[in-house]
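Understanding the architecture of this molecule
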Amino acid sequence: MNAAVATSVFGAFMVITVALGLLAVRGRGNRGRDGLAEWSVGGRSLGTVFIWVLMAGEGYTSFSYLGAAGWGYNYGAPVLYVVAYMSCGYAVGYVVGPMLWAYARRHGLVGITDMVAHRFGRPWLGALVAVLATVFLLPYIQLQITGMGVVVSTISYGAISLNWAYFVAFAVTTGFVVVSGLRGSAWVSVLKDVLVIATLGFLAFYVPLHYFGGYEAFLDRLVTEKSEWLTFPGHGDSGLGQAWFITTSFLNSLTVVIFPTTVAGYLGAKNADVLRRNAMWLPAYNVLLFVPMLLGMAALFVVPGLVGAESNLALFKLVVDSLPAWAVGVIGVAAALSSIVPMAVFMLVIGTMWGRSVLSLVPRWQQRQKGAAQTVVVAAGAIALVLTYTAPNTLVRLSLISYEGMAQLLPMVLLGLMWRRLTLLGAMAGLVVGVGVVCGFVFTEHDPVWGVNAGIVALGANLAVALAVTYAGPRAHDDRPDSDVLARDEADAAYESGRTGGTEAAGDPELVGAGAGEAGGGPAGE
């Protein structure tokens, strides 16, 4: 009976999820080349609320229910790096987000692969970055499929097998993202956030009260019996000490602003002020992350002895053990949507990169970029699903280098868009060295290395090589003006233009806050 009730609640919400995705694009024109901008970045028209829930949804994944609780259960204090890097990343995004938005809008671009190709004037470079980014993003799709599968199987009291739960994750996400794109993900994010805030707010009070009689007794017991979990490097011989915490938080706060899924959220905004407001409000959402972290440590006393992957179920074991089936179902839906929304954006971004930067190099696909992108979405999801069944450890190992590997794009993307002297050869040499170093450290199990995040060591080598090759080699020949090559905040550009008599702003409506209907700069502009 419990399984039937919880599964029915879950099934009803999955139907609502797909319906929301389909309703999101009802009556919106999305044909032709302009259709890719509508599908991939929501027609560049999303306001503050939709951008807030969408970008919060990208940061609040199944890791928040499973991994955060599992890390709290296994290690304790080191898990706080998630709150640290996301909050610092939003501060960096306050500056970087409007710059990337203005650059992409001015030139009709829809992702970082477009930006890199435009900056260095090499379409093949966009294709290369798309392939590399796909390698680093695909594990995230697999991990979200796995996370949702575990949640669904657990809340159904084992009635739904993991294999069927994996397929449900793939089918529901693909079902609405292919049709509705980024706008559909934003609509579903609203439902997800309502459920996440409600369920975690409830659990934050219910679990300590139900199992310990209140926070005072719980925290007193935690300090007395598990004090190791409250200091660095946490419980066990993890190597996750203060140096690791600082370097990981720093590296991830920089990387998150150029992560393809984050950039997709930036480019969906209707203006740069939306992104600035969003950067100020997003840290408030991070307060919720303390709940699964803390409840993971509460599970130490209620369900001791969880080891390996089973520790990721620390929070859900408390939920299934103490709540009625309908409540288990609702909490399970919140966790499942925390997998679906980011998974949808990951799939959409991979499709967009390939449709725009890879398959568009083939003449027959140049006028069918949206169709190519949607095909790639299904293919990427299917590959992740098949590998989830057949070779889960392959992508799990790749996931170890996903964030640290993506960080190696920082010089090419951020430095390249702000410093014209950086040459293509320098950026490429640095990228090759950075990816090589991070793979070497991770796959030989030397991460952390010397107590710090291996990714930041690789990034240091990357940057050093990029600068050395740039200064040692000849200057790149490019006749385009700085305004066409470099990125800058539109507010700064308008100010500088005003100081020089307004000639640049007059020639570029984007720099003086033109409406969406006036945007020039390419076929994707609207």
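Reading the values: rules and limits
Residues numbered from 1 in each chain as written. Predicted model: local features only at pLDDT ≥ 70, side-chain atom pairs only at ≥ 80, totals over all residues. Heavy atoms only, no water. Helix = DSSP H or I, 4+ residues; strand = E, 2+ residues; numbered from the N terminus. Areas by Shrake-Rupley, 256 points an atom, 1.4 Å probe, with all protein chains shown as cover. Core = buried A, V, L, I, M, F, W, Y, C linked by side-chain atoms within 4.5 Å. Buried < 20%, exposed > 50% of the residue type's maximum accessible area, 1.4 Å probe, protein only. Contact = heavy atoms within 4.5 Å. Phe/Tyr/Trp six-rings, centres within 6.5 Å; stacked < 30°, edge-to-face > 60°. Lys NZ or Arg CZ within 6 Å of the ring centre and 35° of its normal. Salt bridge = Lys/Arg side-chain N within 4 Å of Asp/Glu carboxyl O. Expected span 1.5 Å × (residues − 1). Patch = residues over 30% accessible without salt bridge, like charges linked within 9 Å, V, L, I, M, F, W, Y side chains within 5 Å. pLDDT = per-residue confidence, 0-100. Polar contact = N/O pair within 3.5 Å; in protein donor to acceptor, adjacent residues only side chain to side chain.

**Things to note about the overall build of the protein chain**
- Summing up its helical and strand segments, the protein chain has 25 helices and zero strands in all.
- Of the roughly 19900 Å² of accessible surface on the protein chain, 66% is carried by carbon and sulfur atoms.

**Observations regarding the nonpolar core**
- Judged by nonpolar contacts, the single largest core of 157 residues is most densely connected at M115, I141, L203, L409 and M412.
- Leaving out residues up to four positions away in the same chain, L203 has contacts with P208, L295, L315, V319, L323 and I331.

**Remarks on the packing of aromatic side chains**
- Applying the stated criterion across every chain, the model contains 19 aromatic pairs.
- Their ring planes at 50° and their centres at 5.8 Å tell us that W419 and Y471 sit as a pair that is tilted. On the criterion of sequence distance, the pair formed by W419 in the loop between α20 (410-418) and α21 (424-443) and Y471 in helix α22 (residues 454-472) is long-range, its members being 52 residues apart.
- When its relative accessible area of 55% is taken as the criterion, Y471 is described as exposed.
- Cluster of aromatic residues (ring-pair linked, three or more members): W71, Y75, Y81, Y85, Y140, W244, F259, F346 and Y403.
- When the ring centre of F120 is taken as origin, the NZ or CZ atom of R119, which lies over that ring, is 4.4 Å away.

**So, the pattern of salt bridges**
- Throughout the structure, instances matching the rule amount to seven salt bridges.
- Between D114 and R356 there is a salt bridge whose closest N-O contact spans 2.9 Å. Separated by 242 residues along the polypeptide, D114 in helix α7 (residues 112-120) and R356 in helix α16 (residues 325-358) bring together distant segments of the chain.
- Here R276 ties to D273 by a salt bridge, and the two come within 2.6 Å at their closest N and O atoms.

**Some remarks on α20**
- For α20, a buried count of seven out of nine residues is recorded, marking the element as mostly surrounded by other parts of the structure.
- Restricting attention to buried positions, one finds in α20 the residues L410, P411, M412, V413, L414, G416 and L417.

**Here we look at helix α14 (residues 290-302)**
- End to end, α14 covers 19 Å across 13 residues, agreeing with the expected 18 Å (1.5 Å per residue, within 8%).
- Within α14, 10 of the 13 residues are buried, which leaves the element mostly enclosed by the surrounding structure.
- Those residues of α14 lying buried are V291, P292, M293, L295, G296, M297, A298, A299, L300 and F301.
- Turning to α14, the residues buried within the fold contact α4 (62-65), α5 (67-74), α6 (81-107), α9 (162-212), α10 (215-225) and α15 (314-322).

**Structural notes on unusual backbone geometry**
- The omega torsion across F232 and P233 is 5°, close enough to zero to call that bond cis.
- By the element assignment, P233 lies in the loop between α10 and α11 (242-255).
- Going from D447 to P448, the amide bond is cis rather than trans, its omega being 5°.
- By the element assignment, P448 lies in the loop between α21 and α22.

**Regarding a nonpolar patch on the surface**
- A surface patch of nonpolar side chains, about 460 Å² in accessible area, is lined by Y94, V95, M280 and W281.
- At the level of elements, α6 and α13 (272-285) are the ones that each hand at least two residues to the nonpolar patch.
- Take W281: it is sitting in helix α13.
- With a relative accessible area of 57%, W281 lands in the exposed category.

**Some words on the confidence of the model for the protein chain**
- Considering every residue of the protein chain, the mean pLDDT works out to 83; 87% of them sit at 70 or more.
- Overall, residues 500-526 carries pLDDT values under 50, and its contacts beyond four positions in sequence, including any with other chains, amount to 52 contacts.

**What to know about the environment of T17**
- As for its position among the elements, T17 is in helix α1 (residues 2-23).
- When the C-alpha atoms of T17 and L337 are compared, they prove to be 8.5 Å apart, with 320 residues separating the residues in sequence.
- A polar atom in the side chain of T17 sits 2.9 Å from the backbone oxygen of F13.

**Regarding the environment of A6**
- Counting through the fold element by element, A6 comes out in helix α1.
- Sequence separation of A6 and Y157 is 151 residues, and the distance between their C-alpha atoms is 8.5 Å.
- In contact with A6, not counting residues within four places along its chain, are I155, Y157, A325 and G329.

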